[in-house]
Amino acid sequence: MLAYFVAGRIGLAVPYVNPNVSLVWLPTGIAIASLLRYGKLAAIAIFFSAWLLEISAGFSILASASMAVGNTLGPLLSKYLLRRQDFRRDFTRRRDVIGFGVAVMLGMCISATGGTLTLWFNGLNTDLAAVWFTWWAGDTVGALLAGPLLLSVSLKVLSATFTRRSEILVFLGLFILANWLIFASPYSRLHLTFIMVGIMIWAAMRFGISGASFVVLATSLFAAWATSHGMGPFYEGGQANLLILWAYMTTMVLITLIITALQSESIDATRQIQEAYQRINKVASRLPGLVLQYRIHPDHSASIPFASNAIEQMFEVTHAEVRDDALHLFKRIDNRDIESGTETIRNAMRNLSPWQSEFRMQRKDGSVRWLYLDGLPEPEADGSMLWHCFITDITERKQAEQDLQIAACTFESQEGIFVAAADWTILRVNQAFTRISGYEPQDLIGKRPPLYKTRQQDRNFFIGINESLASRRYWQGEIWSRRKNGDVYPQMITLTAVIDNRGEVSNYIGSFNDISRHKGYEAEIRNLAFYDSLTQLPNRRLLMDRLQHLISISNRNDSHSAILFIDLDNFKTLNDTRGHDAGDLLLIETASRLQTCVRDSDTVARLGGDEFVVVLEELSSVRDDAMRQAGMIAEKIRQLLSQPFHITDFEHHGSSSIGVCLFQGGDTTVKDLFKRADTAMYEAKTAGRNAVRFFDPAMQAILVVRMLLESNLRIALANNQFTLYYQVQVNSEGRLIGAEALLRWEHPDRGFISPAEFIPLAEETGLIIPIGLWVLETACAQIKQWESSHETRHLTLAVNVSAKQFQQPDFVDVLTEIVKRHQIDPTRLKVELTESTILDNVDATTEKMHQLKKLGIAFSMDDFGTGYSSLAYLQRLPLNQLKIDQSFVRDLSHDENDATIVRAIISLGVNLGLNVIAEGVETSAQRAFLIAHNCYAFQGYYFSKPLPLEGFLALLKQPEPEDS
């Protein structure tokens, strides 16, 4: 109300057409801003302030009330229109600027109409059109001037703006000079108003919506004041040209708002483009190949504008090395492939067709890899050709092709081989066939192979072989056969159906061996080599053989298959508590139950320990249906293994974690299947056990990244890649009282790696113990070094100790030995513990702290208030200090809840006789608040960021600040 009233009184001093009809009516902007900020309740304040304002201008109570109604309804309509169009108060979009202007113009029609009619009814004015337009124009420009400023201004914006003090001072000087030239100088009649456009653009580009709105408001008010006093280009012929003045103010504010919105949209668009690029780069980096763009310029030079991270592994170069010149990559490509590839790319460029090429590349270690390139062309305006390429390593495929050629040579091997047509008439046999069977080629070519029928090898037996060939395109087994001389002998034979491009059988290939010599040993050898002695299930060796066989025949089969990796939960607990005999009985019963869950065509195997594998064959050819089938069987197994096991004299309740990997065709290996299924099983374990999870490639990627980071972490410890940074701790007088040692890892390739990335992994792998030991050693050595200098001997050094390290049985002895070995003053060492460290075992922790406290070592409770704080244990612990977490300090200036928590922590620490230190202090306001509430120790970026030792020592040499 006060702002509205004061602004109205100021507005009445601006040139007018009729008494109390102002050309610049700022209260309208105040009204709209207050309605948008505080809602409809502000309308009451607007009405009463407008009523009092009109009464103070000399109008009757009734006339004042009538005009106050119009002055309230107009902003209300503007506010309603803005709400309907999803208006943003920060004016970061052009639609916000345009929408605000339109809403103001429409809303001010109500206030102008109400005010004009009131004046007319009271006989105060008869020129309705002039009064209405002046009223409407004054309200409109007032809303445009004051509204954006009031909607956008905040302490945060003002603080950010005033950080550029030098620029603001220069701007103010030019701003004052420009207004003087336009309105008050001897040249004011030269119509120099265009100068102000540049000033407004500067303000809009550099000071944001708040700063720019303030500048245009000041300009408009000065222009109105100068015109009212007969100065400036808008006062001609003894009167003010109010319409041009109004147009000037309106133009300035619209230019400013639109430029500010355009800049915000540009910044937002740039951010979105950068984020999109980063997402694309992340996706490209995870593809099983290299994604790159290859540009051929009109001068035949070449560059690579974009390449995924795989370029370093595939071509052994960084993207920066080939970004501008890619031709030196061809130095390691085989000359024969360059010749053929050059003609291929020329044809592709000529026809704008895909560029597909295979080439050999020699690696730096001398090995040769086959690569396959598939690129799409995109002509560019300057005559360049941009190729979007995907490159994969096909070395294994080329090796497979070579193996097939070798296989053709092995036709004449020690195995008997025959090739038959689709009707089983023999087309060809090798020499081993003749040697084993006694049949010459001319005896069988053009005829069907002779069949030896017995009670076991009856008609149904051979029908089963044909059915297997028809469904799986493959059959392998033993049969009895008769040689040409009549002798009967056993064969191990493999039959394969060859499919043509129409999906029909074109040939059958058979290969066999005479296994007479080995038949007597077969049962024993098979059991020893291929079956688990405890459960009689296929072992790892037989399972891998069957899987390899399944993968090979999957090339000719559309159906999916699945591998289920099953691990019994908490099996070790049973072994430890009930003995290995009970564990063996559980494994036997588990094997029995698994066999009841699958079909005869499926495989159940034991890998060892408590790990089982189930291979499901002939699932649906539709992936979703196959996943559903595999999921049903996996869930059936999980439920069956969750039922109680009756083992000797007790009942065991167990569960299992199952990982499922679906596959089709020969596009994978047994090793990959095991890895994927094991990854899925690990995910089931992570999910809380007794669960089923399907393989997701993201699982494998996460594990690979974790494995590499763990390996690098071990190397970092061995190669001394860690270093300590120091962040100062100061008192209320600004004097340094100590520092906190912070661990940093500088990787030789990746640079600095965030502690948030490697500390959790170190905790999980146990590497935190040797790393923590190194930190303590380094910290104590640093304290000893500081004791030799007058400037640093008074400093304390705080070291964070992890829960896992502190809970080591010999932690007290180890730390005591380090302190004695370095011969330091133990009171200068401060151990920081988190609440989780203490809560894990309060009694043991308290005992260790008392032992170290006797030595003189101090303790600080780190991140206090962020965990499950308990006064019960707090009063028992021999603490010296509480550290207020930075999450509370950060927002205490504008979050009353955080301020209340900080006050409570300080009060608690003071009443318990503890020192209190606040971390994360970044502003003088935070420091002042803390001092005002009896916290006199601080740490944060307001004083210094964490520094290496050299930077910390340099900071010590700076003069200490005066007592504030």
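None of the values given here were measured: they were computed from a predicted structure.

Conventions used here
- Residues numbered from 1 in each chain as written.
- Predicted model: local features only at pLDDT ≥ 70, side-chain atom pairs only at ≥ 80, totals over all residues.
- Heavy atoms only, no water.
- Patch = residues over 30% accessible without salt bridge, like charges linked within 9 Å, V, L, I, M, F, W, Y side chains within 5 Å.
- Areas by Shrake-Rupley, 256 points an atom, 1.4 Å probe, with all protein chains shown as cover.
- Salt bridge = Lys/Arg side-chain N within 4 Å of Asp/Glu carboxyl O.
- Helix = DSSP H or I, 4+ residues; strand = E, 2+ residues; numbered from the N terminus.
- Pairing = 2+ DSSP bridges.
- Axes fitted to C-alpha atoms, helices over the stretch in contact; angles between N-to-C directions.
- Contact = heavy atoms within 4.5 Å.
- Phe/Tyr/Trp six-rings, centres within 6.5 Å; stacked < 30°, edge-to-face > 60°.
- Buried < 20%, exposed > 50% of the residue type's maximum accessible area, 1.4 Å probe, protein only.
- Lys NZ or Arg CZ within 6 Å of the ring centre and 35° of its normal.
- Core = buried A, V, L, I, M, F, W, Y, C linked by side-chain atoms within 4.5 Å.
- Parallel < 35°, antiparallel > 145°, perpendicular 65-115°, else oblique.
- Left-handed = near helix turned anticlockwise from the far one by under 90°.
- Nonpolar A, V, L, I, M, F, W, Y, C, P; charged D, E, K, R; others polar.

Undergrad: An account of a nonpolar patch on the surface is needed here, citing residue identities and associated values.
TA: On the surface, Met1, Leu41, Ile44, Phe48, Leu52, Ile55 and Ile61 cluster together into a nonpolar patch covering about 690 Å² of accessible area. If one sorts the elements of the nonpolar patch by residue count, helix α3 (residues 42-56) sits on top with four residues. Looking at the secondary structure, you find Ile61 in helix α4 (residues 61-84).

Undergrad: Residue-level account of the sheet that holds strand β9 (residues 426-429), with values.
TA: Pairing in this open sheet of five strands is antiparallel, and the strands run β9-β8-β12-β11-β10 from one edge to the other. At either margin of the open sheet sits one strand with a lone partner, and together these are β9 and β10 (474-482). Neighbour-to-neighbour, the strand axes of the sheet open up by a mean angle of 25°, direction not taken into account. When strand β11 (residues 488-499) meets strand β12 (residues 505-514), the two strands line up antiparallel, connected through nine bridges. Along β12, the bridge assignment pairs Thr494 with Ser511. Lying on the sheet, helix α18 (residues 459-472) is in contact with β10, β11 and β12; it crosses β10 at an angle near 155°.

Undergrad: Can you explain the packing of aromatic side chains? Please cite residues and give values.
TA: Evaluation of the coordinates by the stated rule reveals 26 aromatic pairs. Ring plane angle 25° and centroid distance 6.2 Å describe the contact between Phe47 and Trp51, whose orientation is recorded as stacked. With a gap of four residues between them, Phe47 and Trp51 both fall in helix α3, about one helical turn apart. Between Trp745 and Phe758, the ring centres sit 5.4 Å apart and the planes meet at 90°, which makes this aromatic pair edge-to-face. Residue Trp745 is located in strand β21 (residues 736-747), and its partner Phe758 is located in helix α26 (residues 755-765); the two are separated by 13 residues in the primary sequence. For the pair shown, Trp745 and Phe758 are each scored as buried. Through a chain of ring-to-ring contacts, the aromatic side chains of Tyr294, Phe330, Trp355 and Trp387 assemble into a single cluster. A cation over a ring is seen here: Arg578 above Phe650, with NZ or CZ 4.0 Å from the ring centre. When the ring centre of Phe806 is taken as origin, the NZ or CZ atom of Lys848, which lies over that ring, is 5.7 Å away.

Undergrad: A description of the pattern of salt bridges should follow, citing residues and the corresponding values.
TA: For the structure on display, the rule yields 31 salt bridges. Arg628 is the salt-bridge partner of Asp625, the closest N and O atoms lying 2.2 Å from each other. Of the two residues, Asp625 and Arg628 both sit in helix α23 (residues 623-642), three residues apart, roughly one turn of that helix. The partly exposed category is assigned to Asp625, whose relative accessible area is 26%. Through salt bridges with shared partners, a single ionic network connects Glu316, Arg332 and Arg363.

Undergrad: With reference to specific residues and values, describe unusual backbone geometry.
TA: A positive phi angle, close to 70°, is found at His300, a residue other than glycine. For His300, a relative accessible area of 66% corresponds to the exposed category. Within the chain, Trp424 stands out as a residue other than glycine whose phi angle is a positive 70°. For Trp424, the location among the structural elements is in the loop between β8 (416-421) and β9.

Undergrad: Before we move on, can you summarise the sheet that holds strand β13 (residues 561-568) with the specific residues and values?
TA: Spatially, five strands are ordered β14-β15-β13-β18-β19 in an open sheet, and the strand pairing comes out mixed. Two strands lie at the open edges of the sheet, namely β14 (603-608) and β19 (692-694), each paired on one side alone. If you compare each strand with its neighbour and ignore which way they point, the axes differ by 20° on average. Bridge analysis of β14 against strand β15 (residues 611-616) gives five bridges, and the strand direction is antiparallel. Opposite Ala605, over in β15, you have Val613 as the bridge partner. Sitting on the sheet, α23 is in contact with β13, β15, β18 (656-663) and β19, with an inclination near 160° to β18.

Undergrad: Requested: an account of the side chain of Glu919, with residues and values cited.
TA: For Glu919, the position within the fold is in strand β27 (residues 915-919). Residues in contact with Glu919, not counting those within four places in the same chain, are Asp862, Asp863, Lys883, Ile884, Asp885, Gln886, Val889 and Gln939.

Undergrad: Tell me what's going on with the nonpolar core, and back it up with residues and numbers.
TA: Leu815, Met861, Leu879, Ile884, Leu930 and Phe952 are the most contacted members of the largest nonpolar core, which totals 73 residues. The element best represented in this core is helix α27 (residues 768-787), accounting for eight residues. Non-local contacts of Leu930, meaning those with residues more than four positions away in its chain, are made with Leu892, Val902, Ile906, Ala918, Val921, Cys935 and Phe938. Counting 62 residues, the second largest nonpolar core, distinct from the first, contains Val24, Ile32, Leu82 and Leu192.

Undergrad: Quick one: what's the story with the packing of α4 against helix α5 (residues 94-121), residue by residue and with numbers?
TA: The relative placement of two packed helices comes down to the angle between their axes together with the axis-to-axis distance. Interhelical geometry of α4 versus α5 gives an angle of 165° and a closest axis separation of 8 Å. Here α4 lies roughly antiparallel to α5, going by the angle between them. The chirality of how α4 crosses α5 is right-handed. Every residue of α5 that contacts α4 at Ala63, Ser66, Met67, Gly70, Asn71, Leu73, Gly74, Pro75, Leu77, Ser78, Leu81 and Leu82 is listed here: Gly99, Phe100, Ala103, Val104, Leu106, Gly107, Met108, Ile110, Ser111, Gly115, Thr118 and Leu119. In the contact of α4 with α5, the residues fall into 14 nonpolar, 10 polar and no charged.

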